[in-house]
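If you want the building blocks of each chain, they are given just below.
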Amino acid sequence: METLGYYNGEIGLLDELRIPMNDRACWFGDGVYEAAISENYTIFALEEHINRFFNSVALLYMTPRITKIQLAELLNTLVHKLDSPAQFVYWQMTRGTAPRTHAFPEHTTPNLWVALKPFILQDIYQKIKLITVEDTRFLHCNIKTLNLLPNVLASEKAKQAGCAEAVFYRGNRITEGSHSNVHILKEGILRTAPKDNLILPGISRAHIITHCGKLGIAVDETPFTLEDMFGADEILISSTSSFCMSASHIDGYHVGGKAPELLRQLQDALLEEFHRYTQSTVH
Ligand code: PDD
């Protein structure tokens, strides 16, 4: 298949599969999701994504009908149905199917959606341009919910400005990107926002921190500011699909470019880990 949609056991092409209007995703965006990538039909860091997914599920008080192991088996089976071995692997759980009422409906169980499409890894070494946008999101950004409207608006604003990503600031503090985490390198130290309710605890962020440990780069997880970012040696954004990319411009100002070797070491380590994992892990 060229693309694959899965809904509670039903399988079809993404363009063709139909979803009931009463799925609470349609009324309230009442659900959580995960996004991973595969290479060689192997989903990278699947266990970490599933753990974060079940954490999001629990934070929305949903009771899954599937275990972590069953979900992993399902995803590993579905990826083999696609023609392409490299895929964007997306899944979400919504609270259920019921007529529209705000409070949780009583007689419903969660719905499981999976969406697979081919994925082409971009050149992570290219420089990207960013804009800054005020963070007007809610206080549950640690939960990977479907409610992404401020992220969508910020991402569109970046696109209109010819930029790859929008960086959110709340007060003076940098939180994260519209669909990425943001980090800076300054005097050999990696600074990244703390894991609180203002950011998504990114899987790539966790891998960056691990690699910093191996490379002897100190990590500071206290909040950093707009000024810190503009004055940084390098500005990095990280996400599942972009790994770790660095910025050359923010809001039209030239930034970063002062610690290219350190940056390259980190990027090389992340890519190497990805290729090693997806070439050697057998499902
Ligand atoms: N987004 N912060 C936000 C708001 C995100 O949406 C994402 C990822 C991240 C990075 O998390 P991770 O390293 O686990 O991918 C941080 C995914 C890719 C998406 O929505 O498609």
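Residues numbered from 1 in each chain as written. Predicted model: local features only at pLDDT ≥ 70, side-chain atom pairs only at ≥ 80, totals over all residues. Heavy atoms only, no water.

### Observations concerning the packing of helix α2 (residues 46–59) against helix α3 (residues 68–79)
Each pair of packed helices can be described by the angle between their axes along with the distance between the axes.
Phase 1 of the analysis: Between α2 and α3, whose axes approach to 10 Å, the crossing angle comes to 130 degrees. Considering the angle they form, α2 stands oblique to α3. Like other packed secondary-structure pairs, α2 and α3 cross with a definite hand, here right-handed. Contact with α2, carried on its side by L46, I50, N51, F53 and F54, involves K68, L71, A72, L75 and N76 of α3 and no other residues of that element.
Phase 2 of the analysis: Of the residues in the contact of α2 with α3, the class split is seven nonpolar, two polar and one charged. (Axes fitted to C-alpha atoms, helices over the stretch in contact; angles between N-to-C directions. Helix = DSSP H or I, 4+ residues; strand = E, 2+ residues; numbered from the N terminus. Parallel < 35°, antiparallel > 145°, perpendicular 65-115°, else oblique. Left-handed = near helix turned anticlockwise from the far one by under 90°. Contact = heavy atoms within 4.5 Å. Nonpolar A, V, L, I, M, F, W, Y, C, P; charged D, E, K, R; others polar.)

### A look at the site of the ligand
Phase 1 of the analysis: As a structural note, the neighbourhood of the ligand is formed by 19 residues, with Y33, E176, I203, S204 and T240 the closest of them.
Phase 2 of the analysis: K144 places a polar side-chain atom, nitrogen or oxygen, 3.4 Å from a nitrogen atom of the ligand.
Phase 3 of the analysis: A total of 470 Å² of accessible area belongs to the ligand in isolation, and the protein chains cover 91% of it.
Phase 4 of the analysis: Those elements that place two or more of their residues in the shell around the ligand are β3 (31–39), β9 (173–177), α5 (203–215) and β13 (234–239).
Phase 5 of the analysis: Per-class residue counts for the shell around the ligand are five nonpolar, 11 polar and three charged. (Near = heavy atom within 4 Å. Polar contact = N/O pair within 3.5 Å; in protein donor to acceptor, adjacent residues only side chain to side chain. Areas by Shrake-Rupley, 256 points an atom, 1.4 Å probe, with all protein chains shown as cover.)

### Some points on the nonpolar core
Here is a general trend for soluble globular proteins: nonpolar side chains tend to be buried in one another's company.
Phase 1 of the analysis: In terms of nonpolar packing, the biggest core is built from 35 residues, with L130, V182, L190, M229 and I235 touching the most fellow members.
Phase 2 of the analysis: Of all the elements in the fold, those that place two or more residues in this core are β7 (127–134), β10 (181–186), α5, α6 (226–230), β13, β14 (243–250) and α7 (260–280).
Phase 3 of the analysis: Both domain 1 (4–118) and domain 2 (128–278) contribute no fewer than three residues apiece to this core.
Phase 4 of the analysis: With residues up to four places along the chain from it excluded, the contact list for L130 reads C163, E165, V167, I235, I237, A247, H249, I250 and D251.
Phase 5 of the analysis: The next biggest cluster of nonpolar side chains, apart from the first, holds 27 residues, and it includes Y6, V32, M62 and W91. (Core = buried A, V, L, I, M, F, W, Y, C linked by side-chain atoms within 4.5 Å. Buried < 20%, exposed > 50% of the residue type's maximum accessible area, 1.4 Å probe, protein only. Domains from an automatic or database assignment.)

### Quick notes on a nonpolar patch on the surface
Phase 1 of the analysis: A surface patch of nonpolar side chains, about 200 Å² in accessible area, is lined by M1, I11 and L13.
Phase 2 of the analysis: Position of L13 among the secondary structure elements: in the loop between β2 (10–12) and α1 (24–28). (Patch = residues over 30% accessible without salt bridge, like charges linked within 9 Å, V, L, I, M, F, W, Y side chains within 5 Å. Salt bridge = Lys/Arg side-chain N within 4 Å of Asp/Glu carboxyl O.)

### A look at the sheet that holds β3
Phase 1 of the analysis: Strand order in the open sheet formed by six strands is β2-β1-β6-β5-β3-β4, and the pairing between neighbours is antiparallel. Sheet topology places β2 and β4 (42–43) at the edges, where each strand pairs with a single neighbour.
Phase 2 of the analysis: Sheet topology places strand β5 (residues 87–94) next to strand β6 (residues 111–118); eight bridges connect them, and they run antiparallel. Within β6, the residue paired with V89 across the bridge is L116.
Phase 3 of the analysis: Packing against the sheet, α7 makes contact with β3 and β4, and its axis sits at approximately 85 degrees to β3. (Pairing = 2+ DSSP bridges.)

### Examining the packing of aromatic side chains
Phase 1 of the analysis: One pass over the full model with this rule turns up eight aromatic pairs.
Phase 2 of the analysis: For the pair F230 and Y253, a centre-to-centre distance of 6.3 Å together with 85 degrees between the ring planes defines the contact as edge-to-face. One end of the pair, F230, is in helix α6; the other, Y253, is in strand β15 (residues 253–254), and 23 residues separate them in sequence.
Phase 3 of the analysis: Here F230 falls in the partly exposed class, since its relative accessible area comes to 30%.
Phase 4 of the analysis: Measuring from ring centre to ring centre gives 5.0 Å for F243 and F274, while their planes differ by 65 degrees; the resulting arrangement is edge-to-face. Highlighted residues: F243 in strand β14 and F274 in helix α7, separated in sequence by 31 residues.
Phase 5 of the analysis: Judged by its relative accessible area of 5%, F243 is buried.
Phase 6 of the analysis: The ring of F104 carries the charged tip of R95 above its face, separated from the ring centre by 3.6 Å.
Phase 7 of the analysis: Positioned over the ring face of Y125 is R264, at 3.7 Å from the centre of the ring. (Phe/Tyr/Trp six-rings, centres within 6.5 Å; stacked < 30°, edge-to-face > 60°. Lys NZ or Arg CZ within 6 Å of the ring centre and 35° of its normal.)

### Some remarks on unusual backbone geometry
Phase 1 of the analysis: At N8, a position not held by glycine, the phi torsion is positive, near 50 degrees.
Phase 2 of the analysis: Here the phi dihedral of N40 falls at roughly 55 degrees; this positive angle occurs in a residue that is not glycine.
Phase 3 of the analysis: Here N40 shows up in the loop between β3 and β4.
Phase 4 of the analysis: For N40, a relative accessible area of 35% puts it in the partly exposed group.

### Comments concerning the pairing of β9
Phase 1 of the analysis: Burial within β9 is extensive, with five of its five residues counted as buried.
Phase 2 of the analysis: Bridge count for strand β8 (residues 165–170) against β9 is three bridges, and the pairing is antiparallel. Directly across from V167, in β9, lies its bridge partner G177.
Phase 3 of the analysis: Turn length for the β8-β9 hairpin, with the two strands adjacent in sequence and antiparallel, is two residues, and the turn residue G171 shows positive phi of about 65 degrees.

### Things to note about α3
Phase 1 of the analysis: Between the first and last C-alpha of α3 there are 17 Å, a value that for 12 residues agrees with the 16 Å anticipated at 1.5 Å per step.
Phase 2 of the analysis: Where α3 is concerned, the buried positions are L71, A72, L74, L75, N76, L78 and V79.
Phase 3 of the analysis: Buried-residue contacts for α3 involve β1 (4–7), β2, β4, α2, β5 and β6. (Expected span 1.5 Å × (residues − 1).)

The quantities given are spatial measurements derived from coordinates; they are silent on function.
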